[in-house]
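In case you want the letters, here they are:
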Amino acid sequence: MTILVTGGAGFIGSNFVLDWLAGSNETVVNLDVLTYAGNRQNLVSLTGDARHVFVQGDIGDTTLVTHLLNTHQPRAILNFAAESHVDRSILGPSEFIKTNVVGTFNLLEATRAYWGNLPDDQKAAFRFLHVSTDEVYGSLSPDAPAFTEEHPYEPNSPYSASKAASDHLVRAYHHTYGMPVLTTNCSNNYGPYHFPEKLIPLVIHNALAGKPLPIYGDGSQVRDWLYVSDHCSAIRTVLANGKVGETYNVGGWNEKRNLEVVKTLCALLDELSPRADGQSYASQITFVRDRPGHDQRYAIDARKLERELGWKPQETFETGIRKTVQWYLANQAWVANITSGQYRQWVDTQYT
Ligand code: NAD
Ligand code: TYD
């Protein structure tokens, strides 16, 4: 048996592939175009492992995807591939439309052709699992209940709008063509291999480098944080037991204000890797201009996934954030490779 994972060299995708192969012998074909966010070093522990087949390519390349589907005959496709950074989507939205909307559409079309030709039993067992975000629901007021699966879509950034468009396409392929799709909408992830442009890894990196820790606006915005391996286990659960055509919200009930997250990181670093001058890393906190259209609050209600499929997260925010800081302290070479651009050269040397 084989699964096709797209975007498996990125943050969540690589965690998923590593977790999957730690618990299963089912082959993973990993299709990733290796944008700036794709890093094959995340998967270096799988070098020489025949269960992992890496293919550098675009989800929007119908010829390539069709070839991969016909060659490897996967029983499922898990679509992680996306442009994922809100700030980048504000500076340059077109890549987000290209991959998240058109790329997903092309992937769905290639999948529809492949799936349509499968024998009946394989056709029924096949799954297309689309990995999406809570950001499609827009922003919550401070006292509003957390997002359920029934919450209307109100995306506010080019990133969330492009993910919302892809979710709608996935939904339509089930409704119109009967394709057996599943969609997960997860809250903010954190953990190992998180690219240091996002809040948590950026703050850890900047703190250790003696740089300012930029807080957008007043830092009062709320995000709902989930340790990445809990997201991976939720995806495995939905793939195994999710009801075709349904969407599942994924989150761990960990709402935190940005300023609180940054202060927690500073306190952990003060404990685990204190500054030479004895001062707290919190002295590096710097308030900067707010992100345009900044969503104030996200919060996920994951009770459907818990109730119907029995999923529960393993980590609290306190255990997960400590593990994350420890991972970054132990893997500073990984961060240095990214910030220096070395990881790109490493890919060239290693794989071409
Ligand atoms: P990421 O940016 O770290 O990784 C994305 C990966 O996709 C990279 O390896 C990149 O090379 C690859 N990719 C980009 N365009 C591609 C294309 N056209 N063809 C093939 N590969 C391509 O993102 P992430 O944080 O790992 O997010 C993965 C998925 O999970 C995304 O769909 C994102 O919307 C969703 N998500 C992320 C979060 C989060 O907090 N990071 C939360 C919920 C959902
Ligand atoms: P981010 O990690 O970019 O995730 P998202 O925008 O998808 O939620 O940002 C998390 C929160 O942290 C968000 O409210 C923006 C804020 N933020 C900062 O305050 N400073 C920063 O340097 C970054 C990157 C984000």
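Preceding block: the structure.
Residues numbered from 1 in each chain as written. Chains lettered and ligands numbered in written order. Predicted model: local features only at pLDDT ≥ 70, side-chain atom pairs only at ≥ 80, totals over all residues. Heavy atoms only, no water.

S.K.: What am I meant to see in the site of ligand 1 here?
M.R.: Residues in close proximity to ligand 1 total 28 residues, the closest being Ile12, Asp32, Ser84, Tyr159 and Lys163. Here an oxygen atom of ligand 1 sits 2.5 Å away from a polar atom, N or O, in the side chain of aspartate 32. Here ligand 1, which alone exposes 830 Å², has 97% of that area covered by the protein. Elements that contribute at least two residues to the shell around ligand 1 include exactly helix H1 (11-23), strand E5 (127-133), helix H6 (158-177) and strand E7 (188-190). Here the element with the most residues in the shell around ligand 1 is E5; it accounts for three residues. (Near = heavy atom within 4 Å. Polar contact = N/O pair within 3.5 Å; in protein donor to acceptor, adjacent residues only side chain to side chain. Areas by Shrake-Rupley, 256 points an atom, 1.4 Å probe, with all protein chains shown as cover. Helix = DSSP H or I, 4+ residues; strand = E, 2+ residues; numbered from the N terminus.)

S.K.: Hey, could you run me through unusual backbone geometry in this one?
M.R.: In most cases, non-glycine residues show a negative phi, while peptide bonds are predominantly trans. Even without being glycine, glutamine 73 reaches a positive phi, approximately 50°. Its place among the elements puts glutamine 73 in the loop between helix H2 (62-72) and strand E4 (76-79). Of the residues examined, glutamine 73 reaches a relative accessible area of 41% and is grouped as partly exposed. Unlike most non-glycine residues, tryptophan 253 shows phi in positive territory, near 60°. The class for tryptophan 253 is partly exposed, based on a relative accessible area of 45%. (Buried < 20%, exposed > 50% of the residue type's maximum accessible area, 1.4 Å probe, protein only.)

S.K.: Explain the nonpolar core to me, please; I cannot follow it from the model alone.
M.R.: If you look at soluble globular proteins, the nonpolar side chains tend to sit buried side by side. In this structure, Phe16 and Leu78 are the most contacted members of the largest nonpolar core, which totals 72 residues. Dropping the residues within four chain positions of it, leucine 78 is found in contact with Ile3, Leu4, Val5, Thr6, Phe16, Leu129, Ile235 and Leu239. Counting residues in each nonpolar core, the second largest holds 23 residues, with Leu4, Ile77, Ala81 and Leu107 among its members. (Core = buried A, V, L, I, M, F, W, Y, C linked by side-chain atoms within 4.5 Å. Contact = heavy atoms within 4.5 Å.)

S.K.: Explain the sheet that holds strand E11 (residues 255-257) here, please?
M.R.: Sheet strands pair via backbone hydrogen bonds, and the direction of the pair is either parallel or antiparallel. With mixed pairing, the three strands of this open sheet are ordered in space as E7-E9-E11. Of all strands in the sheet, those with a lone pairing partner are E7 and E11, marking the two edges. Across the sheet, the mean angle separating the axes of adjacent strands is 50° when strand polarity is ignored. Of the pairings in the sheet, the one linking E7 to strand E9 (residues 222-227) comprises three bridges and is parallel in character. Bridging across to E9, asparagine 189 finds its partner in leucine 226. The strands touched by helix H8 (residues 228-241) are E7 and E9; relative to E9, the strand with the most contacts, the crossing angle is about 70°. (Pairing = 2+ DSSP bridges. Axes fitted to C-alpha atoms, helices over the stretch in contact; angles between N-to-C directions.)

Read these as geometric descriptors, not functional statements.
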